[in-house]
Amino acid sequence: MLIVEAKFDGEQLATDPVDHTDQPEFATELAWEIDRKALHQHRLQRTPIKLQCFALDPSTSARETIGYVVLDLRTAQETKQAPKWYQLLSNKYTKFKSEIQISIALETDTKAPVDSFKAKGAPPRDGKVPASLSGLDPKDIVAVLNEEGGYHQIGPAGYCTDFFIMSVTIAFATQLEQLIPCTMKLPERQPEFFFYYSLLGNDVTNEPFSDLINPNFEPERASVRIRSSIEILRVYLTLHSKLQIHLCCGDQSLGSTEIPLTGLLKKGSTEINHRPVTVEGAFTLDPPNRAKQKLAPIPVELAPTVGVSVALQREGMDAQSLIELKTQNEHEPHHSKKRVLTPIKENTHTGPQSPSESPVPPHNQSPPTKDDATESEVESLLYDKDTKLNPKAISSSVPALLAKPVTTSIASETASGQKIAVPATSHHFCFSIDLRSIHDLEVGFPINCILRYSYPFFGSAAPIMTNPPVEVRKNMEVFLPQSYCAFDFATLPHQLQDTFLRIPLLVELWHKDKMSKDLLLGIARIQLSNILSSEKTRFLGSNGEQCWRQTFSESVPIVATQGSNNRIVDLSYTVTLEDYGLVKMREIFVSDSSQGLSAVQQKPSSVPPAPCPSEIQTEPRETLEYKAALELEMWKEMQEDIFENQLKQKELAHMQALAEEWKKRDRERESLVKKKVAEYTILEGKLQKTLIDLEKREQQLAIAESELQRERRELKSERERNLQELQDSIRRAKEDCVHQVELERLKMKQLEEDKHRLQQQLNDAENKYKTLEKEFHQFKDQQSSKPEIRLQSEINLLTLEKVELERKLESATKSKLHYKQQWGRALKELARLKQREQESQMARLKKQQEELEQMRLRYLAAEEKDTVKTERQELLDIRNELNRLRQQEQKQYPDSREIASGKMDGPHGSALEEGLDDYLTRLIEERDTLMRTGVYNHEDRIISELDRQIREVLAKNNASN
């Protein structure tokens, strides 16, 4: 047999046993009754619904686990959804992929409540928009983060003209131990408790504390900057009328309360224009599922309460908390904390999807990190203005010395702290990492995963985790929520480079399961040194200084930690490093908590003088050596007395601490005893009431037993009477049946006679039909033997053949015409293609010939140009030589010039004239050849040069003649 058990909200339900087959059908509905508040609480805590399938042996009642399924309560909707198949985890039958079909849905209970006649306050009218904002849809009134402006905008930009500051302060808490049930198991280590709430989408937690009886935590105020108008803000507070505050321990909610926000902006009130409006007081914390657990009401004096103040004011107005703190004293302003949840500069990130940057975490006050929800809620606090620094984070090896700029009020809080100097060469860096998505899952089962990493070099050893867990299956890519985190720190550039090269960032992949322990699946190694080699881009900082930014993105495999180092899944990430230059703030204050080292006792600075040799012999007690030894012994005794006094003081301090701890434990035990006594008193009352109810029930059972005996006797007599009546009716029915059988037999006999008569008539009719059919065939044969009949039949056959042949002829004619037309078109197309191909070939040939001709002419022109240049140079050399010789002859023989010229006019003059003619002819031929190529014209330089040389030669020839 098979059975399925489901566990939720402390109740366990089971289906009816069914046969153990391949496809069993349960057809069972399991339902839990729960109110909306408890449902919201379960959704907030992501409470799972676990279904376990068992194989049941009816003979021995032994059960064997087959597998289980974990359902997410957040997937349940009020609208009916189609059933889905869920694969069994830890399946016993490993060779088969066992699945179970489940449909999960929410149904509204229509039963009338018990206190239906109790008067209740009218609920606020959701979404009623004033007449001045008639064109505005209430659904559009949402809080949107504006990172550049550093505020949350509520409503359209056209209506938002004013700035407001909304702050929530948790001041004190009392009687918190009443929220811990006797059956709840706290962590073995010292448990840490904290308050959690969500303010405009920002998750906020206060500083954790460990003592529930005397909760000691500093009041904290979380503020957001809002841009809106009074009317729109009033509508928004009407839509979101309550602020829920939870007391948490790890991932469990011990109690919650709701703060009404509608009283901040009342209709027609203008109080906010003159002073801050507040809603404050001590609100009672209710444990989750009080109605479901049927808990008795707690007396008012023992009720757990939390002091909360919610204030709303216009920006620029001084706000004063009006709440009367139970733990208020003169130095309270020096210990209160402020948290600003709205960004101010461009390097800030807020919102539930971005974990906060925490440069230096508070000393030993980090919330529990076992659950991802708590971790993400703690890390979502942005711009923590607490000036307490972790002394472990302030060292030379961890350069997290630079915090966010804070207001002047912080200076008074840290005036007495120690100053830590930042090196003058330190740079202000901002390193951000965004784990974008995981994809390409290799394992054969879906995983419900989160990513976790820690890098103490950035100033915080607290692990950073994504939230909430996401389900990853094969062949799908899942984007991780709340996976962005930025760190601001100051360090030396070479130290940053050295650390990035030596220490990689290890990202752990955890599988989250509410029903079992978290499982570490694999680890991804991210080499942060890759960003140092990426391209640098310049941008302007908030004060106009030049800054540098480097960005690097890639995908790395996540390798399994157990077994063979196989890849599980790929992780895509983006890292950014921003360098803001040298650090301007040279000193950082550290609170007194970081100065925990005890002072060292100073030794006397005066040392006994060295003895001087003395010539005069004195008594031994009067020598300097003896006095020095005596003084040393006295100093030793004094130091021993001081040491004994210190030990006594330490012993006294330890005894006082033990006494205080004993008193504290005694108070805790006394409180627990009072709580137990109150519980036992309530249980005793319940027990007495139960005993009275049992006595009443026993009397009722005795009366019911006598009534049952009487009714049993009456039933027995009535049964005998009914039995007699039944026998009589059976006898009458038998007689009626015998009579009916006789009548049926007579009817059967009559029907047999009618049948014989009709059978005889049928035979006669068949004989008559056969005779008529034979006569018809004879007549038909006589008619068919005539020649007219045969000719008519042949004519009919020929007519049919003629029609068939005409039809075939017509179709053949049409086909011939169609093919003829197609053949003509094909011939025309072929001729056109042939002509086009010939034209294209001719054009190609012609173009190639033109190109060859142009190349030949260019080559000839280039050769002619080189020849002209060479000959021109030779002519110039000859002319220069002639001029030089002429000048020399003129200088040597000035008087015999005419005689020499007359003598030289013979054969040398005729030879020079013939050379000029040949040169002139060659110049003219070269010019004409270049002009015939069509490449040159009369404006070109080479043609102009040839014309000039031709004119000179002509001029010389004329001059010689």
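Residues numbered from 1 in each chain as written. Predicted model: local features only at pLDDT ≥ 70, side-chain atom pairs only at ≥ 80, totals over all residues. Heavy atoms only, no water.

Trainee: Pulling in residues and values, what's your account of the overall build of the protein?
Mentor: The helix and strand tally for the protein stands at 11 helices and 30 strands. A buried classification covers 31% of the 961 residues belonging to the protein. Here the contacts in the protein between residues at least 6 apart in sequence split such that 70% fall between residues at least 24 apart. About 64800 Å² of surface is accessible on the protein, with carbon and sulfur atoms providing 54% of the total. (Helix = DSSP H or I, 4+ residues; strand = E, 2+ residues; numbered from the N terminus. Buried < 20%, exposed > 50% of the residue type's maximum accessible area, 1.4 Å probe, protein only. Contact = heavy atoms within 4.5 Å. Areas by Shrake-Rupley, 256 points an atom, 1.4 Å probe, with all protein chains shown as cover.)

Trainee: Can you break down the pattern of salt bridges residue by residue, with the values?
Mentor: Under the definition given, this model contains 38 salt bridges. Across the salt bridge formed by R74 and D72, the nearest N and O atoms sit 3.1 Å from each other. For D72, a relative accessible area of 28% gives the class partly exposed. Between R314 and D162 there is a salt bridge whose closest N-O contact spans 3.3 Å. In this pair, R314 is assigned in strand β16 (residues 305-314) and D162 in strand β9 (residues 162-174), connecting sequence segments 152 residues apart. On the basis of relative accessibility, which here comes to 22%, the residue D162 falls in the partly exposed class. Connected via shared salt-bridge partners are R872, R879, E945, R948 and E952. (Salt bridge = Lys/Arg side-chain N within 4 Å of Asp/Glu carboxyl O.)

Trainee: Provide a residue-level description of a negative patch on the surface, including the pertinent values.
Mentor: Residues E633, E637, E640, D641 and E644 make up a contiguous surface patch of negative charge. Position of D641 among the secondary structure elements: in helix α7 (residues 624-784). Judged by its relative accessible area of 43%, D641 falls in the partly exposed class. (Patch = residues over 30% accessible without salt bridge, like charges linked within 9 Å, V, L, I, M, F, W, Y side chains within 5 Å. Lys, Arg positive; Asp, Glu negative; His and termini not counted. Charge placed at Lys NZ, Arg CZ, Asp CG, Glu CD.)

Trainee: Now, about the pairing of strand β28 (residues 546-560): what can you tell me, with residues and values included?
Mentor: Relative to β28, strand β26 (residues 519-526) runs antiparallel, the two sharing 2 bridges. Paired with I523 across the strands is V559, a residue of β28. Relative to β28, strand β27 (residues 536-540) runs antiparallel, the two sharing 5 bridges. Its bridge partner lying in β28, L540 is registered against Q546. Taking the residues between adjacent antiparallel strands as the criterion, β27 and β28 are bridged by 5 residues, where G544 takes a positive phi near 85°. Note that β28 and strand β29 (residues 567-582) share 12 bridges and pair antiparallel. For S553, the partnering residue across the bridge sits in β29 and is T574. (Pairing = 2+ DSSP bridges.)

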